[in-house]
Amino acid sequence: MDAERRSPHLPAMTPGEVRIREEFVGLDVDAVTALRALRPWMEEHVHEVVEEFYRHLMRFEEPRRLLHDPQVLARIKAAQTEYILSLTECNVDTSYIAGRLMIGRTHERVGITPQWYLGAYSTFARILFPRIMMHYRDQPATAMAAIKGLVAIMHLDTQLAIDAYVHAAHAELQQQAVDLKNDVASQIDELAKGNRQLETLYRVSSVASQELDLEKVLESTLPHISEIVGASGAEVFLMDEEGYLAYAASHGLAEEYVRRSRALRLHTDQCLLGRVFATQTTVRVETLADQGEFLRRDMALACGYRALLSTPLIAQGTPLGTLQLYGQNERSCPPESHPLIHSIAEQLAVAIANARLHETVKESEAEYRSLVENTPRLIFRLDPYGRCVFVN
Ligand code: HEM
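Cut-offs used in this document
Residues numbered from 1 in each chain as written. Predicted model: local features only at pLDDT ≥ 70, side-chain atom pairs only at ≥ 80, totals over all residues. Heavy atoms only, no water. Helix = DSSP H or I, 4+ residues; strand = E, 2+ residues; numbered from the N terminus. Donors = N, O, S within 2.8 Å, 3.2 Å for Na, K, Ca; no water. Pairing = 2+ DSSP bridges. Contact = heavy atoms within 4.5 Å. Axes fitted to C-alpha atoms, helices over the stretch in contact; angles between N-to-C directions. Near = heavy atom within 4 Å. Polar contact = N/O pair within 3.5 Å; in protein donor to acceptor, adjacent residues only side chain to side chain. Nonpolar A, V, L, I, M, F, W, Y, C, P; charged D, E, K, R; others polar. Phe/Tyr/Trp six-rings, centres within 6.5 Å; stacked < 30°, edge-to-face > 60°. Buried < 20%, exposed > 50% of the residue type's maximum accessible area, 1.4 Å probe, protein only. Domains from an automatic or database assignment. Patch = residues over 30% accessible without salt bridge, like charges linked within 9 Å, V, L, I, M, F, W, Y side chains within 5 Å. Areas by Shrake-Rupley, 256 points an atom, 1.4 Å probe, with all protein chains shown as cover. Salt bridge = Lys/Arg side-chain N within 4 Å of Asp/Glu carboxyl O. Parallel < 35°, antiparallel > 145°, perpendicular 65-115°, else oblique. Left-handed = near helix turned anticlockwise from the far one by under 90°.

Engineer: Would you explain unusual backbone geometry in this entry?
Structural biologist: For residues other than glycine, phi is negative in most cases, and the peptide bonds are mostly trans. Phi is positive for Cys 271, which is not a glycine, with a value near 65°. Tracing the sequence through the fold places Cys 271 in helix H11 (residues 271-279). With a phi angle near 45°, Cys 333 is a residue other than glycine that sits in the positive phi range.

And the structure:
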């Protein structure tokens, strides 16, 4: 978890709450007086105290690892010196609290666990207390007051450090909950998307198996196809009887674009569509502006189309035409949508082949009917019982 993603706000405290904390740890007037009286001694000895503190820390592997950089070590020795001196200032107010919380937060952020941070206070106690007793060896009550004062202020500081750690852990948990919620939401989105894709595939395949009118096949499938892949529009070009690829239907495309596309008749060695048809391979054009092979490029760009995907429509190994999907940016029809597009194109091709077959059957039936009905001879059919079931 990136530490900066956690809430940067530390728990705030009112002056009343600060007073309760002081009272609870025993930071009373006597303690403050004793600590302030210790100031000159502290100024004189702070450096040896700090040196001994870090000597002790460096005996352990984890602090050694964290403090291996000499620059960092020099910086924190200076910060530590300031810190120890501040213990004898005792100006405990809301900005003192904020400063201590900040120190706790810095340690949490750089990965120093409470075990090391809080434990280090006992190191201070072991270094400071015998020296203070020695300093006040003739005034045991003053020594005791100074030590009590230090115990009080150090406890106040450790409480604040714990607050900072707890707050950070809480913020991290909250962030994890948000991440989890977003994760679940995006997985639900993905599932819903997958569902919609399956639905489209189902619709296209049910049209393929039921609808026999080519126009209706294209009219009812193209809107679903372009919606599911997020395209601005879709069109189908089909191979005509004379061997040209010609416009068959479209959905969502600009009127002028459609009008001019209708007039096109392409050879299979012409245009990007010809190549897609002849090689039976899908071509995705991320930047239409750079695609000179597509004959309608300028017109497409003028209509706001920036990307294109062209895929062959193949039924039982025979290419029937091409399906084009137009997008408004290079993210349209990304590679992960291609398996879906291919499945849809396969279903669509089957539907087109069925519709065409039906058309052929209808035409030959009409031809047969007119032949039979217009012949000058009598044609009739009898059933096995000799009954007449047809006569022209
Ligand atoms: C009594 C306990 C401790 C006190 C009072 C203390 C005090 C401080 C202070 C005042 C700072 C500067 C904070 C800031 O810039 O916001 C600091 C920073 C730091 N301390 Fe401590 N510290 C303690 C324990 C430890 C321990 C046990 C370690 C290592 C195991 C440690 C390692 C560090 C590090 C790595 C920094 C940050 C240095 C930087 O990159 O600026 N501290 N400490």
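Engineer: Sorry if this is basic, but what is going on with the coordination of the iron atom of the ligand here?
Structural biologist: Tetrahedral coordination by four donors places them ideally at 109.5 degrees to one another around the metal; octahedral coordination by six donors ideally gives 90 or 180 degrees. You will see that the iron atom of the ligand has only one donor from the protein, His 107 (NE2), lying 2.0 Å away. On the secondary structure map, His 107 appears in helix H6 (residues 94-109).

Engineer: Explain the sheet that holds strand S5 (residues 307-315) to me, please; I cannot follow it from the model alone.
Structural biologist: Working definition: the strands of a sheet are paired by backbone hydrogen bonds and lie parallel or antiparallel to each other. Spatially, S3-S2-S1-S6-S5-S4 is the arrangement adopted by the six strands of the open sheet, whose pairing is antiparallel. One side of each edge strand has no neighbouring strand; the edge strands of this open sheet are strand S3 (265-266) and strand S4 (283-285). Sitting on the sheet, helix H10 (residues 255-262) touches strand S1 (233-239), strand S2 (245-251) and strand S6 (318-327), and the angle it makes with S2 is about 160°. Its contacts with the sheet put helix H13 (residues 338-374) on S1, S4, S5 and S6, and the angle it makes with S5 is roughly 45°.

Engineer: What am I meant to see in the site of the ligand here?
Structural biologist: In the neighbourhood of the ligand, 20 residues make up the surrounding shell, with Arg 75, Ile 76, Thr 106, His 107 and Ile 112 lying closest. Note that an oxygen atom of the ligand is positioned 2.9 Å from one of the side-chain N or O atoms of Arg 75. Take His 107: an N or O atom from its side chain is 2.8 Å from a nitrogen atom of the ligand. Elements that contribute at least two residues to the shell around the ligand include exactly helix H4 (61-66), helix H5 (70-86), H6 and helix H7 (114-135). When the residues that make up the shell around the ligand are grouped by side-chain class, the tally is 16 nonpolar, three polar and one charged.

Engineer: Hey, could you run me through the packing of aromatic side chains in this one?
Structural biologist: Inspection of every chain in the model, using the stated rule, returns 11 aromatic pairs. Aromatic pair Phe 53 and Phe 124: ring centres 4.1 Å apart, planes at 5°, arrangement stacked. Taken together, the residues Phe 53 in helix H3 (residues 39-57) and Phe 124 in helix H7 connect sequence positions 71 residues apart. What makes Phe 124 buried here is its relative accessible area of 5%. Through pairs of rings, three or more aromatic residues link up here, namely Tyr 83, Tyr 117, Tyr 121 and Tyr 165.

Engineer: Can you walk me through the domain arrangement of the protein in this structure?
Structural biologist: By a widely used convention, the size of an interface equals the accessible area lost when the partners come together. Here the protein is described as being made up of domain 1 (3-181) and domain 2 (213-374). Using C-alpha coordinates to define each centre, domain 1 is positioned 74 Å away from domain 2.

Engineer: Would you mind going over a nonpolar patch on the surface with me for this structure?
Structural biologist: Nonpolar side chains collect at one region of the surface, where Leu 378, Phe 380, Leu 382 and Val 391 lie side by side and expose about 410 Å² of accessible area between them. Look at Leu 378 and you get exposed, because its relative accessible area is 60%.

Engineer: What should I look at first to understand the side chain of Asp 157 in this one?
Structural biologist: Mapped onto the elements of the fold, Asp 157 is located in helix H8 (residues 140-210). The buried category is assigned to Asp 157, whose relative accessible area is 2%. For Asp 157, the residues in contact, after removing those within four places along its chain, are Tyr 83, Leu 87, Tyr 96, Arg 100 and Tyr 121.

Engineer: Before we go on, may I ask you to explain the pairing of S1 in this structure?
Structural biologist: For a regular strand, side-chain orientation follows a simple rule: the groups alternate between the two sheet faces. Most of S1 is tucked away: seven of the seven residues are buried. Taking every second residue as pointing to the same face, both faces of S1 are buried, with Gly 233, Glu 235, Phe 237 and Met 239 on one and Ala 234, Val 236 and Leu 238 on the other. Relative to S6, S1 runs antiparallel, the two being bridged by six bridges. Among the inter-strand pairings, Val 236 is bridged to a residue of S6, identified as Leu 323. Pairing of S1 with S2 involves six bridges; the strand directions are antiparallel. Paired with Met 239 across the strands is Leu 245, a residue of S2.

Engineer: Quick question: what am I supposed to make of the pattern of salt bridges here?
Structural biologist: Here the idea is simple: oppositely charged side chains can pair when their charged atoms come close. Applying the stated criterion to the full structure yields 20 salt bridges. When the shortest N-O distance is used, the salt bridge between Arg 369 and Glu 373 registers 3.9 Å. Highlighted residues: Arg 369 and Glu 373, both in helix H13, separated by four residues, approximately one helical turn. By relative accessible area, Arg 369 is classed as partly exposed at 43%. Within the structure, one salt-bridge network assembled from shared partners comprises Arg 39, Glu 43 and Glu 89.

Engineer: Honestly, the packing of H3 against H7 in this entry has me stumped. Any pointers?
Structural biologist: Describing two packed helices takes the angle between their axes plus the distance from one axis to the other. Here H3 crosses H7 at 140°, and the two axes come no closer than 10 Å. On the basis of the axis angle, H3 is oblique to H7. In this structure, H3 crosses over H7, and the sense of that crossing is right-handed. Across from Trp 41, Met 42, Glu 48, Val 49, Glu 52, Phe 53 and His 56 in H3, the residues of H7 making contact are Ala 120, Thr 123, Phe 124, Arg 126, Ile 127, Leu 128, Arg 131, Ile 132 and His 135. A breakdown of the residues in the contact of H3 with H7 according to their chemical character gives nine nonpolar, three polar and four charged.

Engineer: How should I be thinking about the environment of Ser 261 in this particular structure?
Structural biologist: Here Ser 261 shows up in helix H10. Separated by 38 residues in sequence, Ser 261 and Met 299 place their C-alpha atoms 9.7 Å apart. Those residues in contact with Ser 261 that lie beyond four places of it in its chain are Glu 235, Phe 237, Tyr 247 and Arg 296.

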